[in-house]
Amino acid sequence: MSDVVLDKTEIERRTIRRTDWVACNAAFIDCRTPGSDQKENYAFIGAGVSQNASQVINLAENHGFNTGAAGMPNGISNNLHLHFTAEVFINLGGQFRLRWGVDGKEGEYVSADGDIISVPTWIFRGFTNEGPDDGILYTVLGRDVTGGIIWGPSVLNEAKGYGLYLTADNRLIDTVAGDEVPEDVALIAPMQQRYIDELSNYSVDEMRQRVVQPGDRTYSRNALLCANLPGGAAELALVIGYGMTEDRRQVPAIHEPHSFNVAWVRAVEDEGILRHRHDKAQAILVKSGRWLVTLNGDPNETVELGPSDALSIPEGAWRAFRCVDAGEADAGELLVINSGDDRVYLDWAPEVVDAARDADRMLDPNGYLAPVGVMVTATEDD
């Protein structure tokens, strides 16, 4: 694996702080529909699915996934729509009622702070903020090219009454603002009933299996090679995919391929994950506490992140994470998103490998933790 060294300018470019968020109030075709006209949509990493060319994207380059967020005042809804690739919601605070089905009546789930919800592809879904006005649903979408979205038939029909149309190449046409309906590109028509009838159905119980609440998390204290070393005692809870775990007993709550994996990391103050790198694109998001990320193995190349701050780390870059302030909680929480459906094999810094070996820990040929005393044949001098 080739070393990737990030200079200060590149580190700053890849840092997306809460204060860097730029809302778009007309990202989608339902932006004038009463009850949905106060939505704020954000695009952080990747092109996303916004239908407004003026949407600000903090970091547009491909990662194998997209991240963004939706914020709405109390009572405001995101209307029913369908995605072709994975859509995952991370509740950063607030109460949201998720509904699904072409008419939104197939089932409902009320999400609270800390939930992660993986919504199946090819079903209509929407949600309403039933909590405080500052509630935020962070989103992760699968793949670089998502194929856009399909709106529920009622959403498209209602939008026409407000002068809004959507072209087949995913452009929002606003005739009230002076846009002209193009003659050379077809407009998106509502999905035909025969295709709607072919969509999958999900019961409330089936959807609950795709939700990982805070109480559902199973943390491993021995998920990583550095776990028993000073400064490396972070705990890992898998959510989607096997990700970075080196604990052969640890399994994720959700196995289905998403094109990315998601895990929670928690650590008390002055603990975290020691220096490592891997060959996947990575985004980290701070849920709670304050975290120090050291890059390039250089203590002078660090970035401090607080709640809702994010950082993109490219393949091959050395990184280490440390919780420097857990706030009011016992431990800080960090969300880690890596590209790909396969396991993420970590390349540990030499000093970590040596220290772990002294502590009777190494990785077996399958990349899982094992005792040195088992892996290495002991010999005695005659």
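Everything below is about the structure shown above.
Below: a short report on this structure. (Residues numbered from 1 in each chain as written. Predicted model: local features only at pLDDT ≥ 70, side-chain atom pairs only at ≥ 80, totals over all residues. Heavy atoms only, no water.)

The next point concerns the pairing of strand S9 (residues 116-119). Going residue by residue along S9, you find Ile-116 and Ser-118 tucked away on one face and Ile-117 and Val-119 tucked away on the opposite face as well. Pairing geometry for strand S6 (residues 87-91) and S9, over 4 bridges, is antiparallel. Its bridge partner lying in S9, Val-88 is registered against Ser-118. (Buried < 20%, exposed > 50% of the residue type's maximum accessible area, 1.4 Å probe, protein only. Helix = DSSP H or I, 4+ residues; strand = E, 2+ residues; numbered from the N terminus. Pairing = 2+ DSSP bridges.)

To continue, consider the state of the cysteines. What makes a disulfide is a covalent bond joining the sulfur atoms belonging to two cysteines. This model, assessed by the stated rule, comprises 0 disulfides. With no disulfide of its own, Cys-226 lies 14 Å from the sulfur of Cys-323, the closest cysteine sulfur. The class for Cys-226 is buried, based on a relative accessible area of 0%. For Cys-323, a relative accessible area of 0% puts it in the buried group. (Disulfide = S-S within 2.5 Å.)

Next up on the list: unusual backbone geometry. Its identity as a non-glycine residue notwithstanding, Asn-296 has a phi of 65 degrees, on the positive side. Summarising the element assignment, Asn-296 is placed in the loop between strand S21 (290-295) and strand S22 (302-305). One non-glycine residue, Asp-360, adopts positive backbone phi at about 70 degrees. Residue Asp-360 is classed as partly exposed on the basis of its relative accessible area, which comes to 34%.

This part is about the pattern of salt bridges. The final tally for this structure, using the stated rule, is 20 salt bridges. In this structure, Arg-125 and Glu-87 form a salt bridge, with 2.6 Å as the shortest nitrogen-oxygen distance. Of the two residues, Arg-125 sits in strand S10 (residues 124-129) while Glu-87 sits in strand S6, which places them 38 residues apart along the sequence. Each member of the pair, Arg-125 as well as Glu-87, is classed as buried. Linked by salt bridges that have partners in common, Glu-10, Arg-13, Arg-14 and Glu-61 make up one network. (Salt bridge = Lys/Arg side-chain N within 4 Å of Asp/Glu carboxyl O.)

Further remarks concern the sheet that holds S22. Pairing is antiparallel across the open sheet formed by 5 strands, whose spatial order is S22-S21-S24-S19-S26. Of all the strands in the sheet, the pair left with one neighbour each is S22 and strand S26 (347-348). Two strands pair when backbone bridges link them, and strand S19 (residues 272-277) and strand S24 (residues 319-325) are joined in this way by 3 bridges, in the antiparallel orientation. By the bridge assignment for S24, His-276 is matched with Arg-319. Where helix H5 (residues 350-358) meets the sheet, it contacts S19 and S26, and its direction lies at approximately 125 degrees from that of S19. (Contact = heavy atoms within 4.5 Å. Axes fitted to C-alpha atoms, helices over the stretch in contact; angles between N-to-C directions.)

Moving on to the pairing of strand S7 (residues 96-100). Among the 5 residues that make up S7, 4 are buried, leaving the element largely enclosed by the rest of the structure. As defined by bridge partners, S7 adjoins strand S8 (residues 107-111) across 5 bridges and the pair is classed as antiparallel. Each residue of the ladder has a partner; that of Leu-98, found in S8, is Tyr-109. Pairing geometry for S7 and S10, over 5 bridges, is antiparallel. Along S10, the bridge assignment pairs Arg-99 with Gly-126.

Pairing in this open sheet of 5 strands is antiparallel, and the strands run S8-S7-S10-S5-S12 from one edge to the other. Every other strand in the sheet has two partners, leaving S8 and strand S12 (149-151) as the edge strands with one partner each. For this sheet the average axis-to-axis angle between neighbouring strands, irrespective of direction, equals 30 degrees. The pairing of strand S5 (residues 77-83) with S12 spans 3 bridges and is classified as antiparallel. Paired with His-83 across the bridge in S12 is Ile-149. Packing of helix H2 (residues 153-160) onto the sheet brings it into contact with S5, S10 and S12, and relative to S12 it is tilted by some 75 degrees.

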